[in-house]
There are 2 protein chains.
Amino acid sequence: MSSRAVEFWFDFASTYSYPAAMTLRQAAEARGVEVIWRPFLLGPIFGDLGWTDSPFNLQPAKGRYMWRDLERVCDSAGLPFQRPPGFPQRSVDAAKVALAGLQEDWGEDFIRAVFHVQFADGYDIAHDATLERALYATIGRHPDVMAVRLQEILAGPSDLRAHTEEARDRGIFGAPTYFAGTEMFWGYDRQDAAIDWAATQSNQGDQE
Amino acid sequence: MSSRAVEFWFDFASTYSYPAAMTLRQAAEARGVEVIWRPFLLGPIFGDLGWTDSPFNLQPAKGRYMWRDLERVCDSAGLPFQRPPGFPQRSVDAAKVALAGLQEDWGEDFIRAVFHVQFADGYDIAHDATLERALYATIGRHPDVMAVRLQEILAGPSDLRAHTEEARDRGIFGAPTYFAGTEMFWGYDRQDAAIDWAATQSNQGDQE
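Residues numbered from 1 in each chain as written. Chains lettered and ligands numbered in written order. Predicted model: local features only at pLDDT ≥ 70, side-chain atom pairs only at ≥ 80, totals over all residues. Heavy atoms only, no water.

A. Structural view of the pairing of strand S2 (residues 34-39) of chain B. Residue and element names in this part refer to chain B. Here six bridges tie strand S1 (residues 5-10) to S2, and the two strands are oriented parallel to one another. Its bridge partner lying in S2, Glu7 is registered against Ile36. Assessed by its sense of winding, the connection that carries the chain from S1 through helix H1 (residues 17-30) to S2 is right-handed. (Pairing = 2+ DSSP bridges. Helix = DSSP H or I, 4+ residues; strand = E, 2+ residues; numbered from the N terminus. Right-handed = clockwise from strand over helix to strand, strands pointing away.)

B. Geometry of the relation of the copies chain A and chain B. Of the transformation placing chain A onto chain B, the axial shift is 0.0 Å and the rotation is 180 degrees, giving an RMSD of 0.0 Å. A rotation of that kind, with that shift, is consistent with a two-fold axis. By C-alpha distance to the rotation axis, the residue of chain A lying nearest is Asp189 of chain A, at 3.5 Å. In this assembly the copies share their binding face: 100% of the residues contributing to the interface of chain A also contribute to that of chain B. (Least-squares fit on C-alpha atoms with pLDDT ≥ 70 in both. Contact = heavy atoms within 4.5 Å.)

C. Main features of the side chain of Arg72 of chain B. Looking at the element boundaries, Arg72 of chain B is found in helix H4 (residues 60-77). For Arg72 of chain B, a relative accessible area of 10% puts it in the buried group. Polar side-chain contacts of Arg72 of chain B include one of 2.8 Å to the backbone oxygen of Met184 of chain A. Of note is the side chain of Arg72 of chain B, whose polar atom sits 3.4 Å from the side chain of Tyr65 of chain B. Apart from residues no more than four positions distant in its own chain, Arg72 of chain B is found in contact with Glu183, Met184, Phe185 and Trp197 of chain A together with Tyr65 of chain B. (Buried < 20%, exposed > 50% of the residue type's maximum accessible area, 1.4 Å probe, protein only. Polar contact = N/O pair within 3.5 Å; in protein donor to acceptor, adjacent residues only side chain to side chain.)

D. View of the sheet that holds strand S4 (residues 183-186) of chain B. Residues and elements named next belong to chain B. Taken in spatial order, the four strands line up as S2-S1-S3-S4 in an open sheet, and their pairing is mixed. Each having just a single partner strand, S2 and S4 make up the two edges of the open sheet. Taking the axes of each pair of neighbouring strands and ignoring which way they run, one obtains an average angle of 20 degrees across the sheet. Across four bridges, strand S3 (residues 177-180) lies against S4 in antiparallel orientation. Looking at S4, one finds that Ala180 is bridged to Glu183. Docked against the sheet, H1 engages S1, S2 and S3, running at close to 165 degrees with respect to S1. (Axes fitted to C-alpha atoms, helices over the stretch in contact; angles between N-to-C directions.)

In structure tokens form, the structure reads like this:
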């Protein structure tokens, strides 16, 4: 990891990961900080606590608040928003495709496209057709080609399970989570603090 | 409630209520917004979910993060911080005294004093001696007088239960929680947004 980098751990099913993913690149670049994109699955980590659903569903009052707050947050960030059908959506396939894309050169664009189709266009990312749409928006080849590529990726091996294990081992309990070195920051509300930590604390090392 | 007011719902046992309570008055005054102080108990609301402890204890990874984050947040706000003995502390007596003080003219100072003795000085607010210390810091009369006054208040009637019921009915699920009119904001991270909402949205009504 570069001395001025922030790791961005996210789950495509996580609501506040949407404004985070859409704004992070620009905010980090403005401070000379590189972004390392780390998709993982929050479900198994919630499962450790005995939860079989999102806390936003398990706690209805918190869930009602979250949707209203997310609407305000997106409005404030100038991002389109509509509440997607069903929550949380099954994000495992989207995460596998994102990992494949990050091995090539289209991962970051695909990540933003998936968040956009889910939270701005209101599609369900559990469906192959939605992922094909995001792939097409990202790479722009013929839809049939994208469908074949999608199936190849989904049938192949993936580091997603290992990434999720790493998230658990590093104490991640929610998404999005940022790391600047070993310093952890949880939530879109801490995005600026994480970038600032990466920009200033790592900088001290550079000056030696 | 004044047209430019923010209600501040807090529990003395809530960690992020500390930086909130210490900074709110000044931040609100700078925008011409009045603060309505609303102590309540989070325990019964957590109890509705079957929780018998704070989520920061029930989820150890989240708890470890919170203490580090709180340290950073207090540092950023220029507030002294030391981790108090035991968490969450029994806050019912402190809340009763605060309600009594808010009926007179020393409630707000007492609230800040209780948060200070807990999170800056490291005392346990479950103890009468700690509340006497906070009362003495607030009103400044002889310690023996404060001890008598404390016992009078604790033996008397209190609206604390009704406040907690109101919190539940209004959808509060954590602390601190702010209201600007009917608009709810959860967490110290939303303090500025709540004040801004009170300052600008209510303002529109004033101009009619």
